[in-house]
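Each chain, letter by letter, is given below.
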Amino acid sequence: MTMSKLDPRPIVQGFYEACSGSIQYVVACPVTRRCAIIDPVLDFDEKAGATATRSADAILAHVDEQGLTVDWIVDTHPHADHLSAARYLKEATDAPTATGARVVDVQALWKHIYNLPADFPTDGSQWDKTFDDGETFRIGELDARVMHSPGHTLASITVVVGDAAFVHDTFFMPDSGTARCDFPGGDAARLWRSLQRILALPDDTRVFTGHDYGQGGREPLWESTVAEQRATNTHIVAAGTEDEFVAIRKARDATLPMPKLILHALQVNIRGGRLPDPEANGRRYLKIPLDAFGRSAS
């Protein structure tokens, strides 16, 4: 999918969430002032067990200030490092929620890890829409296309809106390389193939990444281009082949600790951002499986 010279160029606003290094996005049609929210964060303090909506409310304030109407709320995958605010934003805007169709595979995997009840649905019904690879949708006068891009997770999607590609946890900024693949369902070879699909987009495609951790102490960044990623991404430059990339990725992943919120986040995120139902005392509880990944305590 390419834009003609007459097509509007999407307006993209990123919102950096420092606790998880996440970037949330609002992508808007400049003609109709309609927009989509991509990968919103529900604030969570794991020490206090406290949730908050500061990050999502900042997005809502931006939408209001810019006179935007929300058409879609999209999660690119069930995140392992933060809780999704998709459900909260749906209640605030009445916009439909969406994610990739292969979320059913992630739901089935984590249903087993959490030992969820037999009646927990693993059919993606927690979202209003699940997108297949190649499926399109509209944001005002903008065409948006979904690319299945697994590797980091089984369900990951890239969303291409005009000249902007929201690549979630595939590419980081070029100086930071690529996303890890050592979570349940991750696969470095699949990620390599997903990266090649993204690199096949036009050179001037704007690449908006899902995370940044301030490599070398620099300020957080989240926008590059396909040409920049191809020429300077540290993992792409170092790996000329799929096998070389897999070796680099596996060596790097072996040094990384698990994200501190992975066990908190996935049970919420496979529910489309819904918190667990209140129990008899009116309080909600998260469930933490012990010794689930065969790692020693450090």
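Our subject is the structure that appears above.
So, here's what we can say about the structure. (Residues numbered from 1 in each chain as written. Predicted model: local features only at pLDDT ≥ 70, side-chain atom pairs only at ≥ 80, totals over all residues. Heavy atoms only, no water.)

**With respect to unusual backbone geometry**
Note on backbone geometry: most residues besides glycine have negative phi, and most peptide bonds are trans.
Stage number 1. One non-glycine residue, aspartate 94, adopts positive backbone phi at about 65°.
Stage number 2. Structurally, the position occupied by aspartate 94 is in the loop between helix 2 (86-93) and strand 8 (97-100).
Stage number 3. Of the residues examined, aspartate 94 reaches a relative accessible area of 64% and is grouped as exposed. (Helix = DSSP H or I, 4+ residues; strand = E, 2+ residues; numbered from the N terminus. Buried < 20%, exposed > 50% of the residue type's maximum accessible area, 1.4 Å probe, protein only.)

**Remarks on the sheet that holds strand 4 (residues 41-45)**
Stage number 1. As summarised here, the arrangement of the three strands in space is 5-4-7, forming an open sheet in which the pairing is antiparallel. Since the sheet does not close on itself, it has two edges, and those belong to strand 5 (50-52) and strand 7 (83-84), each with one partner.
Stage number 2. Summarising the sheet, strand 4 and strand 7 pair through two bridges and their orientation is antiparallel. The residue bridging leucine 42 from the neighbouring strand is leucine 83, located in strand 7. (Pairing = 2+ DSSP bridges.)

**Here we look at the state of the cysteines**
Stage number 1. Under the counting rule described, the total for this entry stands at zero disulfides.
Stage number 2. Unpaired in this structure, cysteine 29 has its nearest cysteine sulfur neighbour in cysteine 35, at a distance of 10 Å. (Disulfide = S-S within 2.5 Å.)

**Some words on the packing of aromatic side chains**
Stage number 1. Applying the stated criterion across every chain, the model contains 11 aromatic pairs.
Stage number 2. Plain terms: the ring middles of tryptophan 72 and phenylalanine 131 are 5.5 Å apart, the flat faces sit at 55° to each other, and that makes the pair tilted. With a gap of 59 residues between them, tryptophan 72 in strand 6 (residues 69-74) and phenylalanine 131 in strand 9 (residues 129-131) connect regions that are remote in the sequence.
Stage number 3. With a relative accessible area of 15%, tryptophan 72 lands in the buried category. (Phe/Tyr/Trp six-rings, centres within 6.5 Å; stacked < 30°, edge-to-face > 60°.)

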